[in-house]
Amino acid sequence: MTTLSVAGPRPRPDAAGRPRVLLAPVTITPSKPLTPSHLKGLLWTDVMYRATRPLADVVYRYSHTTYHPTEQTLGFWEFLDRSRGAADYDGLSEERIGELYVAFRAAGRAPARALLPYAEAVEHGWVHPVSTRVLRLWSEHYAALGLHDPGLLRHQPPGLGLDAALERLARLGMCLDQRQVGGPVYLDLTRFGLPLRRLVTADGRPNYLACALRELIPLAPDFDEVVLLYDDELDADYRQLERVLTALGPQVRRVSLGRVPIEGRVRSARHGGWRDLHAGPLVDAARADHHEDAVRLGMRLYFIAVLGQGRQQSFRSDLLTQCVRRAARLLDAAGPATDPAALRDGLARHRKDHLHVNPYRLTSHLLGKRHAAPAADLLRTVFL
């Protein structure tokens with residue numbers, strides 16, 4: 001975890017006098033199953049959110065609406081309509097939709113003009129049926145895992161349009177806009193020693209970073225701390241995002257998470273290869289032998305405490321099973337509930353110098369052999 005601090009205006013705390021924290025994790029394109037890497041990010045964010053709430057006013061911002069305008073989403077939708085016509089997606093599995101996504105990524109880019117109708121429809125709340133199907137399936141996985149649903153199926157537009165976000169960057173002296181001469185738009189942080197980063201292509205396609213800026217520029221000034229959780233392969237972009245948001249006032253914390261290797265290899269979901277290693281079959285297998293709470297806690301023990309923040313360990317189903325068994329024992333041994341002040345004090349010990357609770361420190365604490373059995377209210381508040 002890294003921090004960049006620049007003096008700026010501080011927002012007021014909430015009515016209870018607590019600080020305000022914005023959690024802004026990277027989103028997952030709704031076009032495939034939830035792989036072990038995806039589950040890791042979701043579980044880290046969920047524990048951070050639920051553990052920090054007793055200590056701060058926390059907003060968990062996770063809007064698929066904001067990131068639908070990216071080429072990988074609009075291009076997928078255009079590819080399906082062009083290749084399959086008015087197909088019915090309601091009966092398709094995540095695996096089958098993922099196979100279609102792999103085919104799209106192998107097919108090459110569509111011209112920008114083909115994506116314009118989709119981009120315009122997204123701004124008015126439209127979502128392609130294939131992604132609606134995926135998001136509904138993901139909602140079922142969220143429910144099974146006890147994950148907070150930040151609005152998977154809600155229309156949650158960003159606070160700024162693209163032009164307004166670029167204008168705001170220009171006022172900060174952070175934008176190089178070449179559209180008037182037929183060129184792209186760049187985020188210009190060269191005075192901070194960072195390279196130019198293209199935000200919008202010459203033919204008008206915004207990338208993920210441009211969408212993130214549309215969402216986070218208007219939100220950031222209202223918070224004391226902004227936490228960015230993301231795939232470590234996106235580190236260069238998130239360093240740029242950190243610099244922009246810090247200029248708006250809040251403390252910005254970057255939490256990069258390594259992907260989960262499968263048999264020693266880290267592969268993007270765009271290449272497929274999920275087999276039975278995604279949320280549906282993993283949860284079903286665990287629930288076949290254990291009750292719901294053991295599965296929820298065991299998943300968090302494995303993907304947070306055992307795998308850790310990096311990418312050193314490959315996925316191992318036997319270790320996941322061991323964690324679910326360990327979770328069942330922890331639940332059986334859980335101590336009595338503590339008073340709210342004791343719960344807050346226990347959570348605060350895992351914050352270090354930031355406002356949010358560190359998921360790894362808190363979760364790995366449960367596995368310590370010399371620690372007392374966890375209190376029932378801690379398990380219910382944070383892990384179940």
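The rules we used
- Residues numbered from 1 in each chain as written.
- Predicted model: local features only at pLDDT ≥ 70, side-chain atom pairs only at ≥ 80, totals over all residues.
- Heavy atoms only, no water.
- Helix = DSSP H or I, 4+ residues; strand = E, 2+ residues; numbered from the N terminus.
- Rg over C-alpha atoms; globule rule 2.2 N^0.38 Å.
- Areas by Shrake-Rupley, 256 points an atom, 1.4 Å probe, with all protein chains shown as cover.
- Lys, Arg positive; Asp, Glu negative; His and termini not counted.
- Charge placed at Lys NZ, Arg CZ, Asp CG, Glu CD.
- Phe/Tyr/Trp six-rings, centres within 6.5 Å; stacked < 30°, edge-to-face > 60°.
- Buried < 20%, exposed > 50% of the residue type's maximum accessible area, 1.4 Å probe, protein only.
- Lys NZ or Arg CZ within 6 Å of the ring centre and 35° of its normal.
- Pairing = 2+ DSSP bridges.
- Axes fitted to C-alpha atoms, helices over the stretch in contact; angles between N-to-C directions.
- Contact = heavy atoms within 4.5 Å.
- Expected span 1.5 Å × (residues − 1).
- 1 Å grid on protein atoms, 1.4 Å probe; cavity = no way out; pocket = protein on both sides within 12 Å on 5 of 7 lines; lining within 4 Å.
- Points joined across faces, edges and corners; volume = space filled by probe spheres on them.
- Nonpolar A, V, L, I, M, F, W, Y, C, P; charged D, E, K, R; others polar.
- Core = buried A, V, L, I, M, F, W, Y, C linked by side-chain atoms within 4.5 Å.

S.K.: Please explain the overall build of the protein as it appears in this structure.
M.R.: Tallying secondary structure elements over the protein gives 15 helices and 8 strands in all. For the protein, the C-alpha radius of gyration of 21 Å lies close to 21 Å, the compact-globule estimate for 384 residues. When its C-alpha atoms are laid out on the principal axes, the protein stretches across 65 × 50 × 35 Å. Accessible surface computed for the protein: about 16800 Å², of which carbon and sulfur atoms make up 49%. Here the protein contributes 51 positively and 42 negatively charged side chains, and the mean placements of these two sets differ by 4 Å.

S.K.: Honestly, the packing of aromatic side chains in this entry has me stumped. Any pointers?
M.R.: When we look at a pair of aromatic rings, we describe it by the centre distance and by the angle of the planes. Within the structure shown, the criterion is met by 13 aromatic pairs. Ring geometry for Tyr302 versus Phe315: centroids 5.8 Å apart, planes at 85 degrees, classification edge-to-face. Placement of the pair is Tyr302 in helix α11 (residues 292-306) and Phe315 in the loop between α11 and α12 (317-333), with a sequence separation of 13 residues. Under the relative-accessibility criterion, Tyr302 is labelled buried at 0%. Given a relative accessible area of 10%, Phe315 falls into the buried group. Put simply, the rings of Phe76, Phe79, Tyr101 and Phe104 pair up and form one aromatic cluster. The ring of Phe223 has Arg20 lying over it, and the distance from NZ or CZ to the ring centre is 4.4 Å.

S.K.: Please explain the sheet that holds strand β6 (residues 197-200) as it appears in this structure.
M.R.: The strands that make up a sheet pair up through hydrogen bonds in the backbone, lying either parallel or antiparallel. Spatially, 3 strands are ordered β4-β5-β6 in an open sheet, and the strand pairing comes out antiparallel. Every interior strand has two partners, whereas the edge strands, β4 (175-177) and β6, have only one. In this sheet, adjacent strand axes meet at a mean angle of 30 degrees when their direction is disregarded. In terms of strand pairing, β4 meets strand β5 (residues 185-187) through 3 bridges, oriented antiparallel. Bridged to Cys175 within β5 is Leu187. Here helix α7 (residues 162-171) sits on the sheet and contacts β4, β5 and β6; the angle it forms with β6, its principal contact strand, is near 145 degrees.

S.K.: Can you help me understand the side chain of Asp237 in this one?
M.R.: Structurally, Asp237 can be placed in helix α9 (residues 235-246). By relative accessible area, Asp237 is classed as buried at 17%. Setting aside chain neighbours within four positions, we find Asp237 in contact with Arg197 and Leu209.

S.K.: Just to check I follow, could you spell out helix α1 (residues 36-52) for this structure?
M.R.: Taking 1.5 Å per residue as the helical rise, α1 with its 17 residues ought to reach 24 Å, and the 24 Å between its terminal C-alpha atoms agrees with that figure. Burial of α1 is extensive: 15 of the 17 residues sit out of reach of the surface.

S.K.: Help me understand the environment of Arg349, please; the structure alone is not making it clear to me.
M.R.: Examined against the element boundaries, Arg349 turns out to sit in the loop between α13 (340-348) and α14 (359-365). Taking the relative accessible area as the measure of exposure, Arg349 reaches 59% and is therefore exposed. A sequence separation of 13 residues divides Arg349 from Leu362, and the C-alpha atoms of the two residues are 8.6 Å apart.

S.K.: Explanation requested: empty space enclosed by the protein in the structure shown.
M.R.: Using a probe with the size of a water molecule, rolled over the atoms, empty space left in the structure can be pinpointed. Counted under the stated rule, the structure contains 3 cavities of 30 Å³ or more. Size it by volume and the largest cavity reaches roughly 60 Å³. Taken together, Thr27, Ile28, Thr29, Pro30, His64, Tyr67, His68, Thr70, Gln72, Thr73 and Tyr208 form the lining of the largest cavity. Elements that contribute at least two residues to the lining of the largest cavity include exactly α2 (64-67) and α3 (71-84). Its residues assigned to classes, the lining of the largest cavity comprises 4 nonpolar, 7 polar and no charged. There is about 50 Å³ of room inside the second largest cavity. Of all the secondary structure elements, the ones that give two or more residues to the lining of the second largest cavity are β2 (20-25), α8 (208-219) and α9. At 4 residues, α8 tops the list of elements feeding residues into the lining of the second largest cavity. Taken together, the residues of the lining of the second largest cavity break down into 9 nonpolar, 1 polar and 2 charged.

S.K.: Would you mind going over the environment of Thr321 with me for this structure?
M.R.: Mapped onto the fold, Thr321 is located in helix α12. For the pair Thr321 and Ala164, spaced 157 residues apart in the sequence, the C-alpha separation amounts to 49 Å.

S.K.: What exactly am I supposed to notice about the nonpolar core here?
M.R.: The nonpolar side chains of a soluble globular protein tend to be buried with one another. Judged by nonpolar contacts, the single largest core of 79 residues is most densely connected at Phe76, Leu297, Met299, Leu347, Leu362 and Phe383. Ignoring any residue separated from it by four or fewer positions in sequence, one finds Leu362 in contact with Val47, Ala51, Leu347, His350, Val357, Leu378, Val382 and Phe383. Membership of the second largest hydrophobic core comes to 32 residues, among which are Leu160, Ala165, Ile217 and Leu241.

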